[in-house]
Amino acid sequence: MSRVPFVCGNWKLNKTIAEAVALANGVAAGAAQAPGVEVGVAPVSTALYPVAQALKSTSVLLGGQNCYHETSGAYTGEISPTFFKDVGCKFVIVGHSERRQLFGETDEGVNVKTRAVLDARLLPIVCVGETLAEREADRTMDVVGGQTRAALAGLTAAEIGSLVVAYEPVWAIGTGRTATTEQAQQVHADIRELLRDLAGDEADKVRIQYGGSVKPANAAALLGQPDIDGALVGGAALKTEDFVAIIKAAV
Ligand code: PEP
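Everything numeric in this text was worked out from a predicted model, so none of it was measured. (Residues numbered from 1 in each chain as written. Predicted model: local features only at pLDDT ≥ 70, side-chain atom pairs only at ≥ 80, totals over all residues. Heavy atoms only, no water.)

Draft legend 1. Local environment of the site of the ligand. The environment of the ligand is made up of 14 residues, and the closest members are Lys12, His96, Glu168, Gly174 and Ser213. Gly174 places a polar main-chain atom, nitrogen or oxygen, 2.7 Å from an oxygen atom of the ligand. Ser213 is positioned such that a nitrogen or oxygen atom in its backbone is 2.7 Å from an oxygen atom of the ligand. Bound to the protein, the ligand loses 96% of the 290 Å² it would expose on its own. According to the grid-proximity analysis, the pocket containing the ligand is the second largest pocket. Grouping the constituent residues of the shell around the ligand by class yields four nonpolar, eight polar and two charged. (Near = heavy atom within 4 Å. Polar contact = N/O pair within 3.5 Å; in protein donor to acceptor, adjacent residues only side chain to side chain. Areas by Shrake-Rupley, 256 points an atom, 1.4 Å probe, with all protein chains shown as cover. 1 Å grid on protein atoms, 1.4 Å probe; cavity = no way out; pocket = protein on both sides within 12 Å on 5 of 7 lines; lining within 4 Å. Sits in = over half its atoms within 2 Å of the grid points. Nonpolar A, V, L, I, M, F, W, Y, C, P; charged D, E, K, R; others polar.)

Draft legend 2. The arrangement of the pattern of salt bridges in detail. Applying the stated rule across the entire model yields 17 salt bridges. With a shortest N-O distance of 3.1 Å, Arg149 and Asp197 are connected by a salt bridge. Here Arg149 is found in helix α7 (residues 140–151), whereas its partner Asp197 is found in helix α9 (residues 181–199), with 48 residues between them in sequence. Judged by its relative accessible area of 40%, Arg149 falls in the partly exposed class. Residue classification places Asp197 among the exposed residues on the basis of a relative accessible area of 56%. Linked by salt bridges that have partners in common, Arg3, Arg192, Asp227 and Asp229 make up one network. (Salt bridge = Lys/Arg side-chain N within 4 Å of Asp/Glu carboxyl O. Helix = DSSP H or I, 4+ residues; strand = E, 2+ residues; numbered from the N terminus. Buried < 20%, exposed > 50% of the residue type's maximum accessible area, 1.4 Å probe, protein only.)

Draft legend 3. Structural detail: the side chain of Gln185. Assignment of secondary structure puts Gln185 in helix α9. A polar contact of 2.9 Å, which involves the side chain of Gln185, links it to the side chain of Asp227. The contacts of Gln185, once residues within four sequence positions are left out, are Gln225, Pro226, Asp227 and Ile228. (Contact = heavy atoms within 4.5 Å.)

Draft legend 4. Structural view of the environment of Val27. Looking at the element boundaries, Val27 is found in helix α1 (residues 17–31). For the pair formed by Val27 and Ser213, sequence separation is 186 residues and the distance between their alpha carbons is 19 Å.

Draft legend 5. Local environment of the nonpolar core. Residues Val41, Val51, Ile191, Tyr210, Val233 and Phe243 are the most contacted members of the largest nonpolar core, which totals 65 residues. By residue number, the principal contributor to this core is α1, which donates six residues. Ranked by size, the runner-up nonpolar core spans 12 residues in total, among them Phe91, Ile93, Leu123 and Ala166. (Core = buried A, V, L, I, M, F, W, Y, C linked by side-chain atoms within 4.5 Å.)

Draft legend 6. Molecular detail of the pairing of strand β1 (residues 6–10). Within β1, five of the five residues are buried, which leaves it mostly tucked inside the rest of the structure. Here β1 shows no split at all, with Phe6, Cys8 and Asn10 on one side and Val7 and Gly9 on the other all buried. Relative to strand β2 (residues 38–42), β1 runs parallel, the two sharing five bridges. Note that in β2 the partner of Asn10 across the bridge is Ala42. Taken together, β1, α1 and β2 constitute a β-α-β crossover, and its handedness is right-handed. (Pairing = 2+ DSSP bridges. Right-handed = clockwise from strand over helix to strand, strands pointing away.)

Draft legend 7. Broad picture of the sheet that holds strand β4 (residues 91–94). Spatial strand order, β1-β2-β3-β4-β5-β6-β7-β8: eight strands in a closed barrel with parallel pairing. Taking the axes of each pair of neighbouring strands and ignoring which way they run, one obtains an average angle of 25 degrees across the sheet. Where strand β7 (residues 207–211) meets strand β8 (residues 230–233), two bridges bridge the pair, whose relative direction is parallel. Note on β8: the bridge partner recorded for Tyr210 is Ala231. (Axes fitted to C-alpha atoms, helices over the stretch in contact; angles between N-to-C directions.)

Draft legend 8. Quick peek at the packing of α7 against α9. Between α7 and α9, the least distance of the axes is 10 Å, while the angle of their chain directions is 40 degrees. As summarised for this structure, α7 and α9 are arranged oblique, according to the angle between their axes. Considering only the axes of α7 and α9, their crossing is right-handed. Together, Thr140, Met141, Val144, Gly145, Thr148 and Arg149 of α7 and Val187, Asp190, Ile191, Leu194, Leu195, Asp197 and Leu198 of α9 make up the contact between the two elements. Residues of the contact of α7 with α9, tallied by class, amount to seven nonpolar, three polar and three charged. (Parallel < 35°, antiparallel > 145°, perpendicular 65-115°, else oblique. Left-handed = near helix turned anticlockwise from the far one by under 90°.)

What follows is the structure, given as structure tokens:
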């Protein structure tokens, strides 16, 4: 089955409003030259509205980096999928390893957030990935499989078929160390096998992004793998030329 590649920039806690709008304009211009690739950006929440305005008549999708699972109410400091939708978002990243490691996010928490994103009719990007110690102990698929099963618990096959999984080995995020194409493809194929177990043929629809020090120099090789359907990009998404080169590598 052919899946539309999805290349997404996670800007994390970077870029002022002016910088974010400039970067969004550059990304939109690059995306217009990359037919057949879906492109998304996830800015800091304070820049969402101006970036939404900048992207209005472009194909670039806007997304949130994290969300709260309740819709609205007395939850100081939180943003729910409903409010991300209100500002123009189409997707929300959930379970990023920085959320898990720095903010104590659990598998159960990722599951309720995934449910909330789907309930708001937005696209969840569900992040999973093992640490270096887990890989060295040969536990990669135990960990990645466990995170995936937990995140998707209670979802229907059709819901699973509609979402995006991002495989991001923790040891490759922001470290300059990338999984080899073979290492990445192997885990992506194993995740797809697990998805088949959970959702049957719907598994073939799931885009599985790779994330972890993706850059122009390694993007084409990674994106050329049969089960790698896009990229979730951190550092290299902050520079227009680098991110556009990665988008073009997905064509
Ligand atoms: C990420 O944080 O999702 C990521 C992949 O970061 P980087 O590309 O900087 O490794």
